[in-house]
Amino acid sequence: MTKPIIGIAANQHYQNNQAFFDQQFTYTPQGFIDGVHQAGGIPVLLPISDPELASEYIATIDKLLLAGGQDVTPFLYGEEPHPKLGPTSLERDTFEMALIKEAIKQNKPIFSVCRGTQLLNVVLGGTLYQDLTEYSDWQVKHDMFPTVPDFGLHSITVKGESILAPLFGERAQVNSYHHQAIKELAETLAPIAWSTDGIVEAVESRERNSKILGVQWHPELTRKNDSKEQSLFDFFVQEF
């Protein structure tokens, strides 16, 4: 049986690279590679490129995985930068936005993680809290630092009859490593998991012909310690 080719939208490292003579390099966290491999897929990195090449990149893969990373550039959803906005990469944002649009156009399934889910929401018309200090009901620690994110930190409640429910049950513990979050959810996305302070922790597509699953936590970091997290990769690669 042919193994599914999973395109992972890669990040670019360009700061404090003395060991590489300050050259930029393309990368993705190893957990994504290992998660896809264990699920029976072939991971392929999609380097940040000209958005006009997005259709060709998407045509070469079976499914698209969006990883975490920088904050999303706020003017993409009509806002000025908040004082607590972190590092952004407009180059990465615009390329991944093009990948998302092409994946939907070409009917390729999408699995997004943390920043990837936030960017997906923006592409589809939603907005973000640039920092959780903007959220009046903030009561849960959503950034594990300095604790290593290898284990779950806070609980989520999962919507029944959702993509996530058979994998995680009604309640689960997840890690958390973000200071931005979904504010206004895009109309074509449905919320399917929440933290106890009401932050949207997972989404799926409302449209039957569009296969989208997004989570706010980092399953690539906990998959070795929690089989439910690896099941996300298994489901995405083999069933979605």
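- Looking at an unreviewed UniProt entry, one finds the chain named Gamma-glutamyl-gamma-aminobutyrate hydrolase family protein, with Enterococcus pseudoavium as its source organism.

### What about the nonpolar core?
Stage number 1. By size, the foremost hydrophobic cluster in this structure holds 30 residues, and its most contacted members are L65, F111, I156, L164, F168, W217 and L232.
Stage number 2. At five residues, helix 7 (residues 227-238) tops the list of elements feeding residues into this core.
Stage number 3. Among the nonpolar cores identified, the runner-up in size contains 28 residues, and L46, L66, V72 and L128 belong to it.

### With respect to empty space enclosed by the protein
Stage number 1. Using the criterion set out here, one finds one cavity of 30 Å³ or more in the structure.
Stage number 2. Roughly 30 Å³ of internal volume is contained in the largest cavity.
Stage number 3. Lining the largest cavity are A103, I104, N107, K108, I110, N209, S210, K211 and I212.
Stage number 4. In the lining of the largest cavity, the residues fall into four nonpolar, three polar and two charged.

### Here we look at the layout of surface pockets
Stage number 1. A volume near 790 Å³ is recorded for the largest pocket.
Stage number 2. In this structure, the largest pocket is lined by 32 residues; those nearest its centre are N11, Y27, G68, G69 and Q70.
Stage number 3. Listed by contribution, the elements that provide at least two residues to the lining of the largest pocket are strand 2 (11-13), helix 4 (115-123) and helix 6 (219-222).
Stage number 4. When residues of the lining of the largest pocket are assigned to their parent elements, the largest contribution, three residues, is made by strand 2.
Stage number 5. The residue makeup of the lining of the largest pocket, split by class, is 12 nonpolar, 15 polar and five charged.

### Quick word on the sheet that holds strand 5 (residues 63-66)
Stage number 1. Strand order in the open sheet formed by nine strands is 4-1-5-6-13-12-11-8-9, with mixed pairing between adjacent strands. Whereas interior strands pair on both sides, the edge strands pair on one side only; in this sheet they are strand 4 (42-46) and strand 9 (171-174). Adjacent strand axes in the sheet meet at a mean angle of 25°, parallel and antiparallel pairs treated alike.
Stage number 2. Where strand 8 (residues 154-158) lies against strand 9, four bridges are found, and the strand directions are antiparallel. Residue pairing for strand 9: T157 is matched across the bridge by R171.
Stage number 3. Here helix 4 sits on the sheet and contacts strand 5, strand 6 (110-113), strand 11 (189-195), strand 12 (200-205) and strand 13 (212-215); the angle it forms with strand 6, its principal contact strand, is near 120°.
Stage number 4. Along the sheet, helix 7 contacts strand 1 (5-9), strand 5, strand 6, strand 9 and strand 13; its crossing angle with strand 5, the most-contacted strand, is approximately 150°.

### What about the packing of aromatic side chains?
Stage number 1. All told, the structure shown has nine aromatic pairs when counted by the stated rule.
Stage number 2. For the ring pair F111 and F233, a centre distance of 6.0 Å and an interplane angle of 90° mean the geometry is edge-to-face. One end of the pair, F111, is in strand 6; the other, F233, is in helix 7, and 122 residues separate them in sequence. Neither F111 nor F233 differs from the other in exposure class; each is buried.
Stage number 3. Between Y129 and Y135, the ring centres sit 5.2 Å apart and the planes meet at 55°, which makes this aromatic pair tilted. Comparing Y129 with Y135 shows no difference in burial state: the two are buried.
Stage number 4. Members of the aromatic cluster, connected to one another through ring pairs, are F32, F111, F233, F235, F236 and F240.

### Describing helix 1 (residues 30-38)
Stage number 1. Considered for burial, the residues of helix 1 that qualify are G31, F32, I33, G35 and V36.
Stage number 2. The inward-facing, buried residues of helix 1 abut strand 1, strand 4, strand 5, strand 6, helix 6 and helix 7.
Stage number 3. Following helix 1 by one or two positions, G40 adopts a phi angle in the positive range, close to 95°.

The rules behind these values
Residues numbered from 1 in each chain as written. Predicted model: local features only at pLDDT ≥ 70, side-chain atom pairs only at ≥ 80, totals over all residues. Heavy atoms only, no water. Core = buried A, V, L, I, M, F, W, Y, C linked by side-chain atoms within 4.5 Å. Buried < 20%, exposed > 50% of the residue type's maximum accessible area, 1.4 Å probe, protein only. Helix = DSSP H or I, 4+ residues; strand = E, 2+ residues; numbered from the N terminus. 1 Å grid on protein atoms, 1.4 Å probe; cavity = no way out; pocket = protein on both sides within 12 Å on 5 of 7 lines; lining within 4 Å. Points joined across faces, edges and corners; volume = space filled by probe spheres on them. Nonpolar A, V, L, I, M, F, W, Y, C, P; charged D, E, K, R; others polar. Pairing = 2+ DSSP bridges. Axes fitted to C-alpha atoms, helices over the stretch in contact; angles between N-to-C directions. Contact = heavy atoms within 4.5 Å. Phe/Tyr/Trp six-rings, centres within 6.5 Å; stacked < 30°, edge-to-face > 60°.

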